[in-house]
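Inside the fold
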Amino acid sequence: AFKILGAKPGEHTSVPGKLMGLASFGEANIKIENWIRENLNEENGEFFYYVWTDEKRFFDDVYKEFGIRLEKFNTYNKFLQDVASNFQAIFEKDTIAILQNLQNEYNVDYLYYAGGCALNIVTNSKLIQKNLFRDIFISPCCNDSGLSIGAVSYIEWREKNNQVKNHFPYLNNINLNTEDNTINEKLIEEVAELILNNKIIGISNGFGEVGPRALGNRSIIALPNSIELSKKVSIECKKREWYRPIAPIMLKEVAEIVVEEKIHHLSKYMLLDYKIKHKFSDELKGVIHINGTARIQVIKNKEENPFIYLLLRYLWEKHKIYGLINTSFNSAGEPIVNTSEEAICSAKKMNLDAIIINNSLIEFNRGV
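Now for a quick tour of the structure. Since this is a predicted model, take the numbers as computed values, not measurements.

1. Observations regarding the pattern of salt bridges
- This structure, assessed with the given rule, holds 15 salt bridges.
- Between E33 and R37 there is a salt bridge whose closest N-O contact spans 3.2 Å. Taken together, the residues span about one helical turn, with E33 and R37 both in helix α2 (residues 30–38) at a distance of four residues.
- E33 sits in the buried class, given a relative accessible area of 7%.
- The partner of E33 in a salt bridge is K93, with the nearest N and O atoms 2.7 Å apart. On the criterion of sequence distance, the pair formed by E33 in helix α2 and K93 in helix α4 (residues 78–106) is long-range, its members being 60 residues apart.
- The exposure class of K93 is partly exposed, given its relative accessible area of 44%.
- Beyond isolated ion pairs, a larger network of salt bridges with shared partners links E33, R37, K93 and D94.

2. What to know about empty space enclosed by the protein
- Applying the stated criterion across every chain, the model contains two cavities of 30 Å³ or more.
- Reported here for the largest cavity is a volume of approximately 50 Å³.
- Its residues assigned to classes, the lining of the largest cavity comprises seven nonpolar, one polar and two charged.

3. Side note on the sheet that holds strand β8 (residues 297–299)
- Strand order in the open sheet formed by seven strands is β8-β5-β9-β4-β3-β10-β11, and the pairing between neighbours is mixed. At either end of the open sheet lies a strand with only one pairing partner, and these are β8 and β11 (360–363). Pairs of neighbouring strands in the sheet enclose a mean axial angle of 30°, with direction left out of account.
- Looking at chain direction, strand β3 (residues 201–204) and strand β4 (residues 219–222) are connected through two bridges and run antiparallel. From the neighbouring strand, G202 faces β4, where its bridge partner is I220.

4. Some words on the pairing of β11
- Residues L361 and E363 line the buried face of β11, whereas the alternating positions S360 and I362 sit on a face that is not buried.
- In this structure, strand β10 (residues 354–357) lies alongside β11, joined through four bridges in antiparallel fashion. Residue I355 lies in a different strand from β11, and its bridge partner there is I362.
- Once β10 ends, the chain turns through two residues before running back antiparallel as β11, passing N358 with a positive phi of about 45°.

5. A few points about unusual backbone geometry
- With a phi angle near 65°, K239 is a residue other than glycine that sits in the positive phi range.
- With respect to the secondary-structure elements, K239 resides in the loop between α8 (227–237) and β5 (248–251).
- Exposure remark for K239: the relative accessible area of 55% places this residue in the exposed category.
- The phi dihedral of N359 is positive, around 65°, even though this residue is not glycine.
- Residue position: N359 is located in the loop between β10 and β11.
- Judged by relative accessible area, N359 falls into the buried class, the value being 6%.

About the cut-offs
- Residues numbered from 1 in each chain as written.
- Predicted model: local features only at pLDDT ≥ 70, side-chain atom pairs only at ≥ 80, totals over all residues.
- Heavy atoms only, no water.
- Salt bridge = Lys/Arg side-chain N within 4 Å of Asp/Glu carboxyl O.
- Helix = DSSP H or I, 4+ residues; strand = E, 2+ residues; numbered from the N terminus.
- Buried < 20%, exposed > 50% of the residue type's maximum accessible area, 1.4 Å probe, protein only.
- 1 Å grid on protein atoms, 1.4 Å probe; cavity = no way out; pocket = protein on both sides within 12 Å on 5 of 7 lines; lining within 4 Å.
- Points joined across faces, edges and corners; volume = space filled by probe spheres on them.
- Nonpolar A, V, L, I, M, F, W, Y, C, P; charged D, E, K, R; others polar.
- Pairing = 2+ DSSP bridges.
- Axes fitted to C-alpha atoms, helices over the stretch in contact; angles between N-to-C directions.

In short, geometric facts, not functional conclusions.
Set out below in structure tokens:
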């Protein structure tokens, strides 16, 4: 199935994001779904396992079943987009069915959900809409990166009188210089001015985020109201696939204005998508996916991220900017930047206009 989505062997870590992005361009239907399910390898749990070594067999099967001739895997092909959409639909149905069965068996109020599957935000959103549980909790490091942190939390729970501390989603890295300079009004104004002039800015403040999502400490930001600017960030700077959407970051009060659903606390970690009201589509067209949704990260207060909060507050109150593009500070195939040196190197490689390092501004285009 990975190869059908355009991935090469070993690229499985990026497939969940690729699947969700490409699936939105296709349409789910029962005939394709049944065909996919018939091609499930029971031994390893993979669909179309043979495709790695026998592409022709797949193309022949498509022609036999649907009368469609394919010569190569191409993300622009409508049939393959439909296949991706059905992969996503199968995942949604089966995941929710499993959790429904568990709820019926144990009758619990709360779901604590982890694993790579919990990074599928479309499924997460539909799961919440089902109202199977009183509430759902997903860690921002719900993939394998959270195992060590979970182990430490378990020891805290077991050895320290069942008391587990709440933690912000940032890593306290050893030997990493994170001098936190004071955030002053001049810095916010200077960064806002760059943003308003369509500049693309990297952020490397404090400690890096735990997990695969940048939440404001290792982010690339820009205005959210331009499709061209969004493509520049995603395709030109980050070298990502054409169909993958860019997410926004917003103040909670602004998100409540522009979306149709109620804001859930999981949006703090960019784990849900929301339908954007049509009247706000122009102001947010750079971060709205083809299906009309946006994977919003919501900032509730200054304590969650002082710099991002103050910048969003300034842009909203002074200029009625609804939010910012927020994507991870890394180029395709590279990890999210960690140190200041990595941030500078990566920013230059991606041709960013400026970076913020521990609340200090560096503008490359002016030689500052």
